[in-house]
Number of protein chains: 2
Amino acid sequence: MSEVVKKPVKITETILRDAHQSLIATRMTTEQMLPIVDKMDKIGYHAVECWGGATFDASLRFLKEDPWERLRKLRDGFKNTKLQMLFRGQNILGYRHYADDVVEYFVQKSIANGIDIIRIFDCLNDIRNLECAVKAAVKEKGHAQVALSYTLGEAYTLDYWMDIAKRIEDMGAHSICIKDMAGLLVPAKATELVQALKSATSLPIDLHTHYTSGVASMTYMKAVEAGCDIIDTAMSPLAMGTSQPATEVMVEAFKDTPYDTGLDLNKLSEIADYFTPIREEALKSGLLNPKVLGVNVKTLMYQVPGGMLSNLLSQLKDQGAEDKYREVLEEVPRVRKDFGEPPLVTPSSQIVGTQAVLNVLMGERYKVATKESKALLRGEYGQTVKPMNPDVIKKCIGDEKRITCRPADLIENELDKIEAEMSQWKEQDEDVLSYALFPQVAVDFFKYREAQKSKVDPAVADTDNKAYPV
Amino acid sequence: MSEVVKKPVKITETILRDAHQSLIATRMTTEQMLPIVDKMDKIGYHAVECWGGATFDASLRFLKEDPWERLRKLRDGFKNTKLQMLFRGQNILGYRHYADDVVEYFVQKSIANGIDIIRIFDCLNDIRNLECAVKAAVKEKGHAQVALSYTLGEAYTLDYWMDIAKRIEDMGAHSICIKDMAGLLVPAKATELVQALKSATSLPIDLHTHYTSGVASMTYMKAVEAGCDIIDTAMSPLAMGTSQPATEVMVEAFKDTPYDTGLDLNKLSEIADYFTPIREEALKSGLLNPKVLGVNVKTLMYQVPGGMLSNLLSQLKDQGAEDKYREVLEEVPRVRKDFGEPPLVTPSSQIVGTQAVLNVLMGERYKVATKESKALLRGEYGQTVKPMNPDVIKKCIGDEKRITCRPADLIENELDKIEAEMSQWKEQDEDVLSYALFPQVAVDFFKYREAQKSKVDPAVADTDNKAYPV
Ligand SMILES: [Co+2]
Ligand SMILES: [Co+2]
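Residues numbered from 1 in each chain as written. Chains lettered and ligands numbered in written order. Predicted model: local features only at pLDDT ≥ 70, side-chain atom pairs only at ≥ 80, totals over all residues. Heavy atoms only, no water.

S.K.: Can you help me understand the UniProt feature "domain: Pyruvate carboxyltransferase" (unreviewed entry) in chain A in this one?
M.R.: Mapped onto the present numbering, the UniProt feature "domain: Pyruvate carboxyltransferase" (unreviewed entry) falls on residues 9-269 of chain A. Between the C-alpha atoms that bound residues 9-269 of chain A the distance is 19 Å, and the span itself is 45% helix and 16% strand. (UniProt positions renumbered as here; feature names shortened; annotations may be inferred. Helix = DSSP H or I, 4+ residues; strand = E, 2+ residues; numbered from the N terminus.)

Here you go:
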């Protein structure tokens, strides 16, 4: 018998970032993470995703934790495992475009505090919005991974993905991630897409998906058979539903095949045992809603993320217009087309969704356009894959100036100004970046931190509830 | 390009039987089923499993419904779709071996009342226990499907499965089901097993599994690629966890492949919308415990069904001996070996599990043997795949007589006797069979039925709670 070529698939563990962000509102604390870090470090994961995304905001805002301190503690514990963060291109982890000097400084500090792999994406797949972060990561000797926001639509042909993959390779990125935040990638399409990307570039391919529509584990199987190098999974207590496929399950599924991960189920099981009470507690308290654990095939029918569907419904309920749900669902793809067919991911999903609701409720399309729709139409988020509808541009922003350059080209360096604004709170360099991203939330946290230290006024600093009544 | 050969996979829908049995304690009522039957009938399912298994007992015992009446109503609604039931060989739907005349009469009445496909299995895969039911189904012009209880172990080689498949074909069965009640069949093994069965017989192969260990959808994918003809799925509101993979998900996963089911996602979605409130209500009331919706990879580690693991733990808790859990888990495969390596499915899973607990707690193996262990050792359940341990036989039953014949050969025809016993309650022929299987429960139901009709004493017949205080 001919020797079967072994090609172990690598596993990136997401339980410390995407899994708890997807299932329990990003509420896992550093204290909950640290006791299990040593065991996780001995598994042999390709990487552990543990920072960035919504964790930064949630740490400061809800947990009253310094995210930088969390990163240093995780780095201290993970002696043999690469740490990965999620980074939203020129938005970093915030909600606007930042100047290049802030982006560069954030990358530098992330790597200095312990990040190995920076996964960088943009909601429009406008690679100009990725360039600054990628170059900074390369300069700091980090691993720069570019994540393509996966979506469906006329513009998103295999040629499109192959072309963008080549441009990413040329940019100097070290790997490519297919980021399927909505769980739209079905198994047969995964085969085609992975094969196409492997033929277009020599970069390792990582596949990231969510179980929302129910096909995720099959999609991983097909992707790996087609040559995918890395898959993102979450330990079973926080897997499936709107999170990733379960780590142990994928390990067992590939066991004794050419793609055998080599990871030890017994060791993984001890880690699962650690997280199981956290799952059960979250179910009991309601933090983990069993609804997000089910399958939502409507995401495949309407090709929109599950979260967007529930947002639309709740917007309509607020207006007493639930009967318009189907009409709005039909309006969403039309608005998306008018807006140049962007992927539907934060923030484009909210912009398209809200505009679709307005178009239906007003009884006239684009009678009212939101501030964000106007900004998108002016080009302020970057370039969309297809041209926008000129009639819609005209109706929404009239003759206002539109930009075609990289949005950040119009933003002057701002680090010095930001540092000057917040200098009274600064205890470490990184505080400047916390403030840059979330000024109000960061200041609240700085005040809380100070109160904790002095403990001068226990009536003001309510440490038990981790709430500081400012 | 060469034409791809189309081979649509067929779908057996389980939401009216296994799905609610697995997730909500078999509590779906006929009233909950009937409004959606017409839509389900138009889907194009290969079959709808809707009767047998635990539904018969649960209808009589908890729902105070006549199971035969349910079957007739379903038959009335499903004008174009085959109806399937699950039938436990010589146990029928009950907990002991019955005489052949009862088995034959039950098969006859099941088919007369509307069943098309009878899925027949035995917990030891002793095909002598299947023969009577298979022959009766063939005689009544029903479709006789034999289900092999899938398990792992030394004895269960591909040769074993191929040999038993041939014997089933020779017996006159019309199709074979691989019944993986514990979710032990991993994708790569499904490929091997299905290929082996397809090479051994020309019968259609149906795969039935549960999502318990998390691999089920991938296992279906691999099985179908290997030639599996039919897969069992459940509509998404009662899918996954300890139930089957979701129907809509598998339909989408195979879409635009050679295995495309051709089923319409939009129509399926309307059915899902009907069952979603039933799921939500069950979550709210606690009938559906979110625990059974998660992944339990321990079933793969210990190769025992998930339900057995929780039973063992609760038996130990009752004895204040939770610390012995691991020891018991290690004793289970040893007891199983002593007992001839049976599959672990009702009732063999309970027999092996309870004996393992006793062996550990007593501090001496087989110091005490349960009544059921002794019966198994005497051959009263049938023949095991491997010989039993002679030392264990000696220690447990000494020189008591063991049987090697088909257990039912020792049971005289009993239908007349049973009918005589219950004649005062008989309103339809089928009542005799209800009484044969569950004498006490059936009598309680007959009394309830009578009280409902006369409504003479509302204080005794509490119709709202469907409880009759006898
Ligand atoms: Co994600
Ligand atoms: Co089953």
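S.K.: Quick question: what am I supposed to make of the sheet that holds strand E3 (residues 82-87) of chain A here?
M.R.: Within a beta sheet, neighbouring strands are joined by backbone hydrogen bonds and run either parallel or antiparallel to one another. Residues and elements named next belong to chain A. Taken in spatial order, the eight strands of this closed barrel run E1-E2-E3-E4-E5-E6-E7-E8, and their pairing is parallel. For this sheet the average axis-to-axis angle between neighbouring strands, irrespective of direction, equals 30°. Bridge analysis of E3 against strand E4 (residues 117-121) gives four bridges, and the strand direction is parallel. The residue of E4 that forms the bridge with leucine 86 is arginine 119. Packing against the sheet, helix H4 (residues 67-77) makes contact with strand E2 (47-52) and E3, and its axis sits at approximately 165° to E2. (Pairing = 2+ DSSP bridges. Axes fitted to C-alpha atoms, helices over the stretch in contact; angles between N-to-C directions. Contact = heavy atoms within 4.5 Å.)

S.K.: Quick question: what am I supposed to make of the coordination of the cobalt ion (ligand 1) here?
M.R.: When four donors bind a metal tetrahedrally, each ideal donor-metal-donor angle is 109.5 degrees, and when six bind octahedrally, the ideal angles are 90 or 180 degrees. Residue and element names in this part refer to chain A. Protein coordination of the cobalt ion (ligand 1) is provided by Asp18 (OD), His208 (NE2) and His210 (NE2), with donor distances spanning 2.0 to 2.1 Å. Sequence spacing of the donor residues for the cobalt ion (ligand 1), all on one chain, is D-x189-H-x1-H. Of the two residues, aspartate 18 sits in helix H1 (residues 15-23) while histidine 210 sits in the loop between strand E7 (205-209) and helix H9 (216-225), which places them 192 residues apart along the sequence. We classify aspartate 18 as buried; its relative accessible area is 4%. (Donors = N, O, S within 2.8 Å, 3.2 Å for Na, K, Ca; no water. Buried < 20%, exposed > 50% of the residue type's maximum accessible area, 1.4 Å probe, protein only.)

S.K.: How do you make sense of the interface of chain A and chain B when you look at a structure like this?
M.R.: The extent of an interface is frequently quoted as the accessible surface area lost upon association of the parts. The interface of chain A with chain B comprises 34 residues on the first partner and 35 residues on the second. Between chain A and chain B the total buried area reaches about 2,900 Å² when both faces are included, carbon and sulfur atoms providing 71% of it. It is Met218, Val249 and Met301 of chain A in chain A that bury the most area against chain B; as a group they hold 18% of the surface buried on that side. Here chain A and chain B share six salt bridges between them. For lysine 298 of chain B, the salt bridge goes to aspartate 273 of chain A, with nearest N and O atoms at 2.6 Å. Scanning the region where chain A abuts chain B turns up eight residue pairs in polar contact (both at pLDDT 80 or more). Contributing elements (two or more residues each) for the side of chain A that touches chain B: helix H8 (187-200), H9, helix H10 (247-254), helix H11 (265-285) and helix H12 (298-302) of chain A. When residues in the side of chain A that touches chain B are grouped by element, the largest group, seven residues, is from H11 of chain A. Along the lines of polarity and charge, the residues of the side of chain A that touches chain B split into 17 nonpolar, eight polar and nine charged. (Buried area = accessible area lost by both parts, 1.4 Å probe. Salt bridge = Lys/Arg side-chain N within 4 Å of Asp/Glu carboxyl O. Polar contact = N/O pair within 3.5 Å; in protein donor to acceptor, adjacent residues only side chain to side chain. Nonpolar A, V, L, I, M, F, W, Y, C, P; charged D, E, K, R; others polar.)

S.K.: Explanation requested: the nonpolar core in the structure shown.
M.R.: Taken as a class, soluble globular proteins show a tendency for nonpolar side chains to be buried jointly. Counting residues in hydrophobic clusters, the biggest one holds 287 residues, and the most contacted among them are Leu16 and Phe106 of chain A together with Leu16 and Phe106 of chain B. Dropping the residues within four chain positions of it, phenylalanine 106 of chain B is found in contact with Trp51, Phe56, Trp68, Met85, Phe87, Ile92, Leu93, Leu433 and Leu437 of chain B. By size, the runner-up hydrophobic cluster in this structure holds 37 residues, among which are Phe121, Val304, Tyr325 and Val328 of chain B. (Core = buried A, V, L, I, M, F, W, Y, C linked by side-chain atoms within 4.5 Å.)

S.K.: Sorry if this is basic, but what is going on with the packing of aromatic side chains here?
M.R.: Between two aromatic rings, the relevant description is the distance of the centres plus the angle of the planes. Enumeration over the complete set of coordinates arrives at 36 aromatic pairs over all chains. Both rings, one in tyrosine 274 of chain B and one in phenylalanine 275 of chain B, keep their centres 5.2 Å apart while their planes meet at 85°; by these two values the pair is edge-to-face. Taken together, the aromatic side chains of Trp51, Phe56, Trp68, Phe87, Tyr95, Phe106 and Phe438 of chain A make up a single cluster linked through ring pairs. (Phe/Tyr/Trp six-rings, centres within 6.5 Å; stacked < 30°, edge-to-face > 60°.)

S.K.: How should the pattern of salt bridges be read in this particular structure?
M.R.: Opposite charge on two side chains lets them pair, provided their charged atoms get close. For the structure on display, the rule yields 84 salt bridges over all chains. Among the salt bridges present, the one from glutamate 49 of chain A reaches arginine 119 of chain A, with a minimum N-O distance of 3.7 Å. One end of the pair, glutamate 49 of chain A, is in strand E2; the other, arginine 119 of chain A, is in strand E4, with 70 residues separating them in the sequence. No difference in accessibility class separates glutamate 49 of chain A from arginine 119 of chain A, as the two residues are buried. A salt bridge links aspartate 18 of chain B to arginine 17 of chain B, with the nearest nitrogen and oxygen atoms 3.6 Å apart.

S.K.: What's the story with helix H9 (residues 216-225) of chain B in this structure? I'm lost.
M.R.: For an α-helix, the turn length of 3.6 residues means that residues three or four places apart are oriented alike. Residue and element names in this part refer to chain B. With nine of ten residues buried, H9 lies mostly within the body of the structure. Where H9 is concerned, the buried positions are Ala216, Ser217, Met218, Thr219, Tyr220, Met221, Lys222, Ala223 and Val224. Glycine 227 sits one or two positions beyond H9 and adopts a positive phi of about 115°.

S.K.: Looking at this structure, I do not really get the side chain of glutamate 65 of chain B. What am I missing?
M.R.: Residues and elements named next belong to chain B. Within the secondary structure, glutamate 65 is located in the loop between helix H3 (55-63) and helix H4 (67-77). One polar contact links glutamate 65 to threonine 30, side chain to side chain, over a distance of 2.4 Å. Among the polar contacts made by the side chain of glutamate 65, one reaches the side chain of arginine 70 at a distance of 3.1 Å. When neighbours within four sequence positions are excluded, glutamate 65 is seen to be in contact with Thr29, Thr30, Ser59, Leu60, Arg70 and Phe445.

S.K.: Would you take a moment to explain the relation of the copies chain A and chain B for this structure?
M.R.: Of the two same-sequence chains, chain A is brought onto chain B (RMSD 0.0 Å, axial shift 0.0 Å) by a rotation of 180°. Expressed as a symmetry operation, the mapping of one chain copy onto the other fits a two-fold axis. By C-alpha distance to the rotation axis, the residue of chain A lying nearest is methionine 218 of chain A, at 2.6 Å. Both copies present the same face, since 100% of the interface residues in chain A are matched by interface residues at the equivalent positions in chain B. (Least-squares fit on C-alpha atoms with pLDDT ≥ 70 in both.)

S.K.: When you look at the environment of aspartate 41 of chain B in this model, what are you seeing that I'm missing?
M.R.: Residue and element names in this part refer to chain B. The topology assignment puts aspartate 41 in helix H2 (residues 30-41). The spatial distance from the C-alpha of aspartate 41 to the C-alpha of isoleucine 403 is 47 Å, given a sequence separation of 362 residues. Not counting chain neighbours up to four residues away, the residues in contact with aspartate 41 comprise Gly77, Phe78, Lys79, Asn80 and Thr81. Side-chain polar atoms of aspartate 41 contact the backbone nitrogen of asparagine 80, separated by 3.0 Å.

S.K.: Looking at this structure, I do not really get the side chain of aspartate 431 of chain B. What am I missing?
M.R.: Mapped onto the secondary structure, aspartate 431 of chain B falls in helix H19 (residues 430-437). In this view, aspartate 431 of chain B contacts Met422, Trp425, Lys426, Phe446 and Arg449 of chain B; residues no more than four positions away in its chain are not counted.

S.K.: What's the story with the sheet that holds strand E5 (residues 143-149) of chain B in this structure? I'm lost.
M.R.: Residue and element names in this part refer to chain B. If you walk around this closed barrel you meet the eight strands as E1-E2-E3-E4-E5-E6-E7-E8, and the pairing is parallel. The sheet shows a mean angle of 30° between the axes of neighbouring strands, direction not considered. Where strand E2 (residues 47-52) lies against strand E3 (residues 82-87), five bridges are found, and the strand directions are parallel. Following the sheet pairing, glutamate 49 is matched in E3 by glutamine 84.

S.K.: Help me understand the packing of helix H13 (residues 306-318) of chain A against helix H15 (residues 348-361) of chain A, please; the structure alone is not making it clear to me.
M.R.: Relative orientation and spacing of two packed helices are given, respectively, by the angle between their axes and the distance between those axes. Residues and elements named next belong to chain A. Between H13 and H15, whose axes approach to 10 Å, the crossing angle comes to 35°. Note on packing geometry: the crossing formed by H13 with H15 is right-handed. Two secondary-structure elements touch here, H13 through Met308, Leu312, Gln315 and Leu316 and H15 through Ser349, Val352, Gly353, Thr354, Val357 and Leu361. Of the residues contributing to the contact of H13 with H15, the split by class is six nonpolar, four polar and no charged. (Left-handed = near helix turned anticlockwise from the far one by under 90°.)

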